[in-house]
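Okay, here's what each chain looks like letter by letter:
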Amino acid sequence: MNNDVDKNKQLRDLYDEVMLPNYAPASFIPVEASGSSVWDKNNKKYIDLGGGIAVTSLGHSNPELISALNDQSKKLWHLSNYIANEPAINLAKQLIDLTFADKVYFSNSGSEANEAAIKMARRYHHESGSERNEIIAFNNSFHGRSLLNISLGASDNHRKGFGPLPGGILHANYNDLSSVEELISNKTAAIIIEPVQGEAGVVAAEHEFMLGIRDLCTQNGIILIMDEVQSGVGRMGHTFGYMAFDIEPDILTSAKGLGGGIPIGATLAKDKIASAMNVGSHGSTFGGNPMACAVASKVLDIISEPSFLDKVKEKETLLVDHLENISRKHQAFSAIRSSGLWVGCELRNHGEVNKLLDRCYESGLIAVSAGPSTLRFAPALNISEDEILEGIKRLEKALSI
Ligand SMILES: Cc1ncc(COP(=O)(O)O)c(C=O)c1O
């Protein structure tokens, strides 16, 4: 064992000593990063094809984002929601100009963005004098880890021991419209859906299914909430994923890639629904933080450019072509699913994804999992072709160990 190895281990041992045991992080600790390269305590380099689970949308240490953060950090950090701030107003305007939405609420995470969405949907029906409060969510969905969001999600493991959970939530099957129809009643307030189920292994909604969901909502006075926490902000090669379906939601939630690595959540809504949220109905201390909003504005400036989004699709093709090649060579994956720069590779060896992740780390590659059998890639959207190729080389090495 050399000194370098000790540096990672020392810090990792301290992690076990001081942190809640709810995660099982890798044995190395990254301390520096640039673009899609990351260096650990031992100065070992990794290619980052995980993107912090679709968060570092413009790579690490992006000079334009650093500059936006630096500039704002010298002006104003925080007020409170008694006083508005300029970066938040500008970011809201930008989101409205880019989407279907008329109004925006800011929070700090995807979970909070979803909480606000569900509260808004229920409040809208309440204010309209209706008794509707049921929410239809989907099996295999993931919406976050708050009590409400684990109720929306369908994982028994995420729920175990945390009850009683918020009620009024029903689950339909993804890509099965009749299972949704069966659950609709005069109590249904909203349907919440991911355009692509990321945590389930990058499983996309079929076009007809999504159009059907939109129709059902319109016909029955149900609010359509799109959870775009993972799919939004260029990930699917569109500014937001719903744009791939040529439909509009009534509420949309965003987080992850919106801040490029700075925590921010946003809930976007049509005027009619947003107007139910009168003064005092909801709030957050840090939501709309000027520094987070200044960075998110810069992220949106960059990713919403059509030429940038075209490149995301080109890089998707490059990445998937190479993954298919090495999969054939190594008999590694039984399926490769992609939606933009967001790829789920289903392992032939079911349940072995953690072992493969360890081999990736050993080979100097960061990827993430989605469930026990899917290797997931959600790299920076501005990753270079060279970095993709280097990542692929390292994946091939990991598959050969
Ligand atoms: C679709 C979706 N919704 C919500 C969340 C929760 O976001 P956060 O972890 O920021 O609360 C996630 C996180 O993975 C997600 O993928």
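Note that the structure is a prediction, hence the values are computed from the model and not measured. (Residues numbered from 1 in each chain as written. Predicted model: local features only at pLDDT ≥ 70, side-chain atom pairs only at ≥ 80, totals over all residues.)

Explain the pairing of strand E2 (residues 37–40) to me, please; I cannot follow it from the model alone.
Regular strands have side chains that alternate between both faces of the sheet. Side-chain alternation along E2 places Val38 and Asp40 on a buried face and Ser37 and Trp39 on a face that remains uncovered. Connecting strand E1 (residues 30–34) to the next strand, E2, in antiparallel fashion are 2 residues, including Gly35 with a positive phi near 60°. The sheet contact formed by E2 and strand E3 (residues 45–48) spans 3 bridges and is antiparallel. Bridged to Val38 within E3 is Tyr46. Between E2 and E3, which follow one another and run antiparallel, lie 4 residues, and Asn43 among them has a positive phi close to 70°. (Buried ≥ 20, exposed ≤ 12 C-beta atoms within 10 Å, placed from the backbone. Helix = DSSP H or I, 4+ residues; strand = E, 2+ residues; numbered from the N terminus. Pairing = 2+ DSSP bridges.)

I tried to follow the sheet that holds strand E14 (residues 343–347) on my own but got confused; where do I start?
The strands making up a sheet are joined through hydrogen bonds of the backbone, oriented either antiparallel or parallel. Pairing within the open sheet is antiparallel, and its 4 strands lie in the order E13-E14-E17-E16. Single-partner strands in this sheet number two, and they are strand E13 (333–338) and strand E16 (368–369). Bridge count between E14 and strand E17 (residues 374–377): 4 bridges; the pairing is antiparallel. Bridge assignment links Cys345 to a residue of E17, and that residue is Leu375. Strand contacts of helix H12 (residues 306–330): E13, E14 and E17, with the helix running at about 180° to E13, the strand carrying the most contacts. (Contact = placed C-beta atoms within 7 Å. Axes fitted to C-alpha atoms, helices over the stretch in contact; angles between N-to-C directions.)

Looking at this structure, I do not really get the packing of helix H4 (residues 86–98) against helix H11 (residues 290–303). What am I missing?
Each packed pair of helices is defined by two parameters, the angle between the axes and the distance between the axes. Their axes nearest at 8 Å, the elements H4 and H11 cross at an angle of 30°. Helix-helix and strand crossings are classified by hand; for H4 and H11 the assignment is left-handed. Taken together, the residues of H11 that come into contact with H4 (itself represented by Pro87, Ala88, Asn90, Leu91, Gln94 and Leu98) are Pro290, Cys293, Ala294, Ala296, Ser297 and Leu300. In terms of residue class, the contact of H4 with H11 is made up of 9 nonpolar, 3 polar and no charged. (Left-handed = near helix turned anticlockwise from the far one by under 90°. Nonpolar A, V, L, I, M, F, W, Y, C, P; charged D, E, K, R; others polar.)

Honestly, the site of the ligand in this entry has me stumped. Any pointers?
Lining the immediate environment of the ligand, one finds 14 residues, of which Ser109, Gly110, Ser111, Gly144 and Val229 sit closest. Of all the elements, helix H5 (residues 110–127) adds the most residues to the shell around the ligand, at 3 residues. Of the residues that constitute the shell around the ligand, the class distribution is 3 nonpolar, 8 polar and 3 charged. (Near = placed C-beta within 6 Å.)

How do you make sense of the sheet that holds strand E7 (residues 188–193) when you look at a structure like this?
Within the open sheet, the 7 strands sit side by side as E4-E12-E11-E10-E7-E5-E6. Their pairing is mixed. Across the chains shown, the open sheet's two edge strands, defined by having one partner strand only, are strand E4 (103–107) and strand E6 (169–172). Neighbouring strand axes in the sheet, compared pairwise and without regard to direction, differ in orientation by 20° on average. Sheet analysis places E7 next to strand E10 (residues 223–227), joined by 4 bridges and oriented parallel. Residue pairing for E10: Ile192 is matched across the bridge by Ile225. With respect to the sheet, H4 is in contact with E4 and strand E12 (265–269), its orientation differing from that of E4 by roughly 130°.

Looking at this structure, I do not really get the nonpolar core. What am I missing?
A general tendency of soluble globular proteins is for nonpolar side chains to be buried together. Membership of the largest hydrophobic core comes to 105 residues, with the highest contact counts inside it found for Met120, Ala121, Ala190, Ile191, Ile223, Ile225 and Ile251. Broken down by element, this core gets its largest block of residues, 9 residues, from H11. The residues that make up this core include at least three from each of domain 1 (3–62 + 306–400) and domain 2 (76–303). (Core = buried A, V, L, I, M, F, W, Y, C linked by C-beta atoms within 7 Å. Domains from an automatic or database assignment.)

Looking at this structure, I do not really get unusual backbone geometry. What am I missing?
In most cases, non-glycine residues show a negative phi, while peptide bonds are predominantly trans. With an omega dihedral of 0°, the bond running from Gly163 to Pro164 counts as a cis peptide bond. Relative to the elements of secondary structure, Pro164 occurs in the loop between helix H7 (156–159) and E6. Despite not being glycine, Gln331 shows a phi value in the positive range, around 50°. Structurally, the position occupied by Gln331 is in the loop between H12 and E13.

What should I look at first to understand the packing of H12 against helix H14 (residues 385–400) in this one?
Contact geometry for H12 and H14: axes closest at 10 Å, N-to-C directions at 20°. Judged on the interaxial angle alone, H14 and H12 are roughly parallel. Taken as a pair, H12 and H14 cross one another with a handedness that is right-handed. Residues Lys315, Leu318, Leu319, His322, Ile326 and His330 of H12 form the contact with H14, whose participating residues are Glu385, Ile388, Ile392, Leu395, Glu396 and Leu399. When the residues that make up the contact of H12 with H14 are grouped by side-chain class, the tally is 7 nonpolar, 2 polar and 3 charged. (Parallel < 35°, antiparallel > 145°, perpendicular 65-115°, else oblique.)

None of the figures reported here should be taken as evidence of function without further support.
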